[in-house]
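One-letter residues, chain by chain:
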Amino acid sequence: MPDSNEGKLIVVSNAEPYKHVFGEGDQVRCLEVGGGLTTAMNPQMRKAGGLWIAYGRGEADFQVVDSAGKVMVPDFPETEPEEKYGLKRIDFESSVYENFYRGYANKILWPICHTFPTRADLKKERGYWKKGYLPANEKYAQAVLDAYRPGDTVWIHDYHLAILPGLIRDKIPEAKIGLFWHIPWAPWENFLKIPHDREIMESIMSADLFGLHVSDYVENFFRCVEKLGGRVDRDQGICELDRYSLKVGAHPLGVNYPFFAGADTEKKEEFRQEYGAEEIILGVDRQDYSKCIPERIRGFEEFLLRYPDYQEKVTLIQRTPESRTEIEEYQIEQDDINREISAFNGKHGTHQWVPIKLFWEGIPQEELIGEYRAADVALITPGIDGMNLVAKEFVAANERPKALILSEFTGSNRQLEGAITVNPYDKEEVAEAIKNALEMEEKEKKDRWDQMRRVVREQDLPTWAEDFLTDLNKEIV
Ligand code: GDG
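None of these values were measured; they are calculated from a predicted model. All residue numbers here refer to positions counted from 1 along the written sequence of the relevant chain. In keeping with the predicted nature of the model, local features appear solely for residues at pLDDT of at least 70, side-chain atom pairs appear and are counted solely at 80 or more, and the whole-chain, interface and lining totals rest on all residues. Hydrogens are left out, water is left out, and the side-chain values use all remaining heavy atoms of the structure.

Participant: With reference to specific residues and values, describe the overall build of the protein.
Facilitator: The secondary structure content of the protein amounts to 17 helices and 18 strands. For the protein, whose C-alpha radius of gyration is 23 Å, the value lies close to the compact-globule estimate of 23 Å for 477 residues. The principal-axis extents of the C-alpha atoms in the protein amount to approximately 65 × 55 × 45 Å. By definition in these notes, contact holds between two residues if any of their heavy atoms fall within 4.5 Å. The long-range fraction of contacts in the protein, counting pairs at least 24 apart against all pairs at least 6 apart in sequence, stands at 75%. When the accessible surface of the protein is summed, it comes to about 19,800 Å², and 46% of that surface belongs to carbon and sulfur atoms. Of the side-chain charges in the protein, 60 are positive and 85 negative, and the distance between the mean point of each set is 3 Å. Numbering of helices and strands runs from the N terminus; a helix is a DSSP stretch of H or I covering at least four residues, while a strand is a stretch of E covering at least two. Two things to know: the radius of gyration comes from C-alpha atoms, and the globule rule equals 2.2 Å times the number of residues to the power 0.38. Residue-level accessible areas treat just the shown protein chains as cover; the underlying method is Shrake-Rupley with a 1.4 Å probe. A positive count includes Lys and Arg, and a negative count includes Asp and Glu. His and the chain ends are not counted in either. To locate a charge, take atom NZ for lysine, CZ for arginine, CG for aspartate or CD for glutamate.

Participant: Provide a residue-level description of the site of the ligand, including the pertinent values.
Facilitator: The environment of the ligand is formed by 24 residues, the closest being H182, I363, D385, L389 and E393. Here I363 contributes a backbone N or O atom positioned 2.4 Å from a nitrogen atom of the ligand. The term polar contact refers here to a pair of N or O atoms within 3.5 Å; inside protein, the definition further demands a hydrogen-donor-capable atom paired with an acceptor-capable atom, and it admits residues adjacent in sequence only when both atoms are side-chain atoms. Within the contact set of the ligand, an oxygen atom lies 2.9 Å away from a side-chain nitrogen or oxygen of Q365. Here the ligand has 730 Å² of accessible area as a free molecule, and 92% of this is covered by the chains. Just so you know the grouping, Ala, Val, Leu, Ile, Met, Phe, Trp, Tyr, Cys and Pro go in nonpolar, Asp, Glu, Lys and Arg go in charged, and all remaining residues, Gly too, go in polar. Classifying every residue of the shell around the ligand by side-chain character gives 10 nonpolar, nine polar and five charged. By convention in this text, a residue qualifies as near a molecule or strand provided that one of its non-hydrogen atoms is within 4 Å of it.

Participant: Could you give an account of the sheet that holds strand 18 (residues 420-422), with specific residues and numbers?
Facilitator: Taken together, the six strands give an open sheet; going across it, the order is 15-14-13-16-17-18, and neighbouring strands pair in parallel fashion. The open sheet has two edge strands with one neighbour each: strand 15 (356-359) and strand 18. On average, adjacent strands in this sheet sit at an angle of 20 degrees to one another, irrespective of strand direction. Inspection of the sheet shows strand 13 (residues 279-284) paired to strand 16 (residues 377-380) by two bridges, in the parallel sense. Within the sheet, the bridge partner assigned to I281 lies in strand 16 and is V377. In the packing of helix 12 (residues 365-374) onto the sheet, contacts are made with strand 13 and strand 14 (314-319), and the angle to strand 13 comes to roughly 135 degrees. Paired strands, as defined in this entry, are two strands with at least two bridges between them according to DSSP. Interaxial angles span 0 to 180 degrees and are taken between N-to-C directions of axes, which are lines fitted to C-alpha atoms, for helices over the stretch in contact.

Participant: Which residues make up the nonpolar core, and what values go with them?
Facilitator: Among soluble globular proteins, nonpolar side chains are generally buried collectively. Put simply, buried Ala, Val, Leu, Ile, Met, Phe, Trp, Tyr and Cys residues joined by side-chain atoms within 4.5 Å make one nonpolar core. Between buried and exposed lies partly exposed: a residue is buried under 20% and exposed over 50% of the maximum accessible area for its type, with that area taken using a 1.4 Å probe on protein chains only. W181, W185, F191 and F221 are the most contacted members of the largest nonpolar core, which totals 73 residues. A per-element tally of this core places helix 2 (residues 94-113) first, with 11 residues. Excluding residues within four positions of it along the chain, W181 makes contact with C113, D158, Y159, A162, I204, F210, G211, L212 and H213. Within the second largest apolar cluster, 59 residues are counted, among which are V71, L87, F180 and I380.

Participant: Give a description of the pairing of strand 1 (residues 9-12) that names residues and reports values.
Facilitator: Each regular strand carries side chains that alternate between the two faces of the sheet. Burial along strand 1 is two-sided: the residues L9 and V11 and I10 and V12 are all buried. Examined bridge by bridge, strand 1 and strand 7 (residues 153-157) share four bridges and lie parallel to one another. When the bridges of strand 7 are listed, I10 appears paired with V154. Pairing geometry for strand 1 and strand 4 (residues 51-55), over three bridges, is parallel. Residue pairing across strands places I10 opposite L51, the latter belonging to strand 4.

Participant: Outline the packing of helix 13 (residues 389-397) against helix 16 (residues 442-458), listing residues and values.
Facilitator: Close contact between helix 13 and helix 16 brings their axes to 9 Å; oriented N to C, the two are set at 110 degrees. Taken together, the axis directions place helix 13 and helix 16 in an arrangement best described as roughly perpendicular. Residues K392, F394, V395, A396 and A397 of helix 13 lie in contact with helix 16, whose contacting residues are W449, M452, R453 and V456. Looking at the contact of helix 13 with helix 16 residue by residue, the classes come out as seven nonpolar, no polar and two charged. We call two directions roughly parallel when the angle between them is under 35 degrees, roughly antiparallel when it is over 145, roughly perpendicular when it lies between 65 and 115, and oblique otherwise.

Participant: Give me the lowdown on the side chain of R319, citing residues and values where you can.
Facilitator: Its place among the elements puts R319 in strand 14. Of note is the side chain of R319, whose polar atom sits 2.9 Å from the side chain of E371. Contact partners of R319, with chain neighbours within four places excluded, come to G283, V284, D285, F359, E361, I363, L368 and E371.

Participant: I'd love a proper account of helix 3 (residues 125-147), names of residues and values included.
Facilitator: Taking 1.5 Å of rise per residue, the 23 residues of helix 3 would be expected to cover 33 Å, and the 31 Å separating its terminal C-alpha atoms lies within 8% of that figure. Axes are fitted to the seven residues ending at a residue and to the seven starting at it; the angle between these axes is taken as the bend at that residue. The largest bend along helix 3 reaches roughly 30 degrees and is located at Y133, with the proline P135 sitting one to four residues downstream. Residues E125, Y128, W129, G132, Y133, A136, N137, Y140, A141, A143, V144 and A147 constitute the buried set of helix 3. For a helix, the expected span equals 1.5 Å multiplied by the residue count minus one.

Participant: Which residues make up a negative patch on the surface, and what are the values?
Facilitator: Nonpolar side chains (Val, Leu, Ile, Met, Phe, Trp, Tyr) within 5 Å and like charges within 9 Å form the patches, drawn only from residues with over 30% relative accessible area and no salt bridge. Whenever a carboxyl oxygen of Asp or Glu lies within 4 Å of a side-chain nitrogen of Lys or Arg, that contact is scored as a salt bridge. Taken together, E32, E270, E274, E366 and E367 make up a surface patch of like negative charges. Of all the secondary structure elements, the ones that give two or more residues to the negative patch are helix 9 (268-275) and helix 12. By the element assignment, E366 lies in helix 12.

Participant: Quick one: what's the story with the pairing of strand 15, residue by residue and with numbers?
Facilitator: For strand 14 and strand 15, the ladder comprises four bridges, and the chain directions are parallel. The partner of I317 across the bridge, within strand 15, is K357. Seen with its strands pointing away from the viewer, a crossover is right-handed when the path leading from the first strand over the helix to the second is clockwise. Each parallel crossover has a hand, and for strand 14 linked through helix 11 (residues 328-348) to strand 15 it is right-handed.

Participant: Explain the packing of helix 3 against helix 4 (residues 164-171) to me, and be specific about the residues and the numbers.
Facilitator: It is the contact of helix 3 with helix 4, at a shortest axis distance of 9 Å, that shows an interaxial angle of 45 degrees. With respect to their mutual orientation, helix 3 and helix 4 come out oblique. Here the hand of the crossing between helix 3 and helix 4 comes out right-handed. Contact with helix 3, carried on its side by N137, E138, Y140, A141, V144 and L145, involves L164, L167, I168 and K171 of helix 4 and no other residues of that element. Partitioned by chemical class, the residues of the contact of helix 3 with helix 4 number seven nonpolar, one polar and two charged. Crossing handedness is read from the near helix: turned anticlockwise from the far helix by less than a right angle, it gives a left-handed crossing, and turned clockwise, a right-handed one.

Participant: I'd love a proper account of unusual backbone geometry, names of residues and values included.
Facilitator: With omega at -5 degrees, the peptide bond leading from V73 into P74 counts as cis. Position of P74 among the secondary structure elements: in the loop between strand 5 (70-73) and strand 6 (85-90). Unlike most non-glycine residues, D242 shows phi in positive territory, near 50 degrees. One can find D242 in the loop between strand 11 (238-241) and strand 12 (244-250). Given a relative accessible area of 55%, D242 falls into the exposed group. Its identity as a non-glycine residue notwithstanding, C292 has a phi of 55 degrees, on the positive side. With respect to the helices and strands, the residue C292 is situated in the loop between strand 13 and helix 10 (293-306). Classification of C292 by relative accessible area gives buried; the value is 2%.

Here is the structure:
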């Protein structure tokens with residue numbers, strides 16, 4: 001990480017790592033915000049300090065900031081001052097945020113990059129851009145310009161801020177700018193459907209380094225550059241488009257291994273008794289259609305139908321913290337999942353046994369570790385996922401070998417060779433994978449587990465951050 005002599009690290013993302021809410025009476029409480037990106041960057045910032053710029057979405061967020069919109073976080077009584085860093089919160093008019101977040105980010109870029117183009121609202125793309133994406137990114141750019149001092153490094157995160165590198169580069173030609181993309185990069189046939197494709201590509205090209213999780217996404221990006229008339233040097237990992245030259249690399253995000261491996265928390269007995277099951281299968285996913293929870297339920301049903309001896313012996317615990325509840329499609333999906341699971345439990349359950357237990361609530365990560373340890377099998381089957389940290393956290397949290405069933409369409413599946421790989425859309429394959437996971441010989445389980453533990457331990461979160469920043473600070477030759 002850059003030290004104070006070299007300038008500070010400025011992290012920019014849409015999601016904030018901490019929010020403030022009203023508690024009892026007039027009290028304001030600070031809460032950690034979950035999610036892949038914040039989980040990734042927060043430990044780094046606590047260790048190295050710097051400034052994080054993000055949208056303030058907590059109801060009491062602007063009660064606690066100073067006149068520059070800044071608060072020191074984590075804002076907990078027990079946090080040592082040297083573990084705190086600056087969080088600059090920015091706010092938007094609601095119509096801008098609506099068009100930016102609900103519109104452009106989540107109804108254009110998210111479905112396009114996750115290869116669900118029919119879910120993308122492309123006919124509204126130009127409106128979302130003009131009324132939301134552009135003004136919101138301009139606001140982020142202004143916050144960076146206000147904070148930037150020569151020598152600083154700007155590390156931008158994710159698809160909400162694809163045009164931020166260009167906006168900053170226009171004003172600070174010498175700035176060191178990195179962009180990390182947490183979701184997949186779509187094949188060119190998907191990405192170039194976006195009317196503002198060239199503007200987005202040119203902005204990304206004006207960064208110094210563009211990081212994606214795995215080499216398939218890097219290749220998809222390179223194909224987009226070529227389709228727009230640019231040149232790619234795959235050996236060097238460099239591409240050119242018009243006047244821009246950019247380094248692009250696969251930087252698979254890791255997890256905070258000691259945190260997950262070291263915590264002292266167990267839940268197994270409590271779970272077994274509560275659900276009347278001998279074996280626990282666990283799914284943990286932020287609520288999103290890309291996580292394919294209905295398909296998972298069908299795979300589990302197929303398993304119970306094929307192998308009825310497992311009835312009353314296995315429970316699927318599905319933890320799905322709500323997200324993007326302001327988007328109607330997500331509310332509808334939530335209702336559908338509730339309906340499907342209660343019908344499922346009505347059909348298959350008994351007095352003593354709940355086959356699927358669903359939780360919409362998020363819990364502190366320390367408790368999540370307890371659930372990772374209580375599980376015998378993790379069933380992680382998104383239709384597509386940039387990386388999927390849950391799979392890696394499950395591996396890190398368990399010293400004792402377990403079985404991991406993992407979708408072939410996740411970034412983490414490229415690294416976790418010991419997982420049982422499935423096509424989430426094939427319910428027969430999912431059913432067989434569950435049986436295989438529950439009945440796997442200890443020796444095979446251990447060999448698979450050792451491979452996965454080694455990868456998760458060696459390619460952990462600090463390694464990812466250091467590699468990215470080292471690469472960013474290397475000059476292009
Ligand atoms: C995006 C990309 C990419 C889950 N439940 C709770 C909770 N979580 C935490 C997990 C994990 C994180 O949320 C989820 O990360 P994922 O990677 O699985 O998925 P996304 O949120 O979709 O993340 C993804 C990621 O960005 C990083 O680049 O891997 O592909 O889609 O860390 O532990 N955290 C808490 N309570 C919960 O109930 N506190």
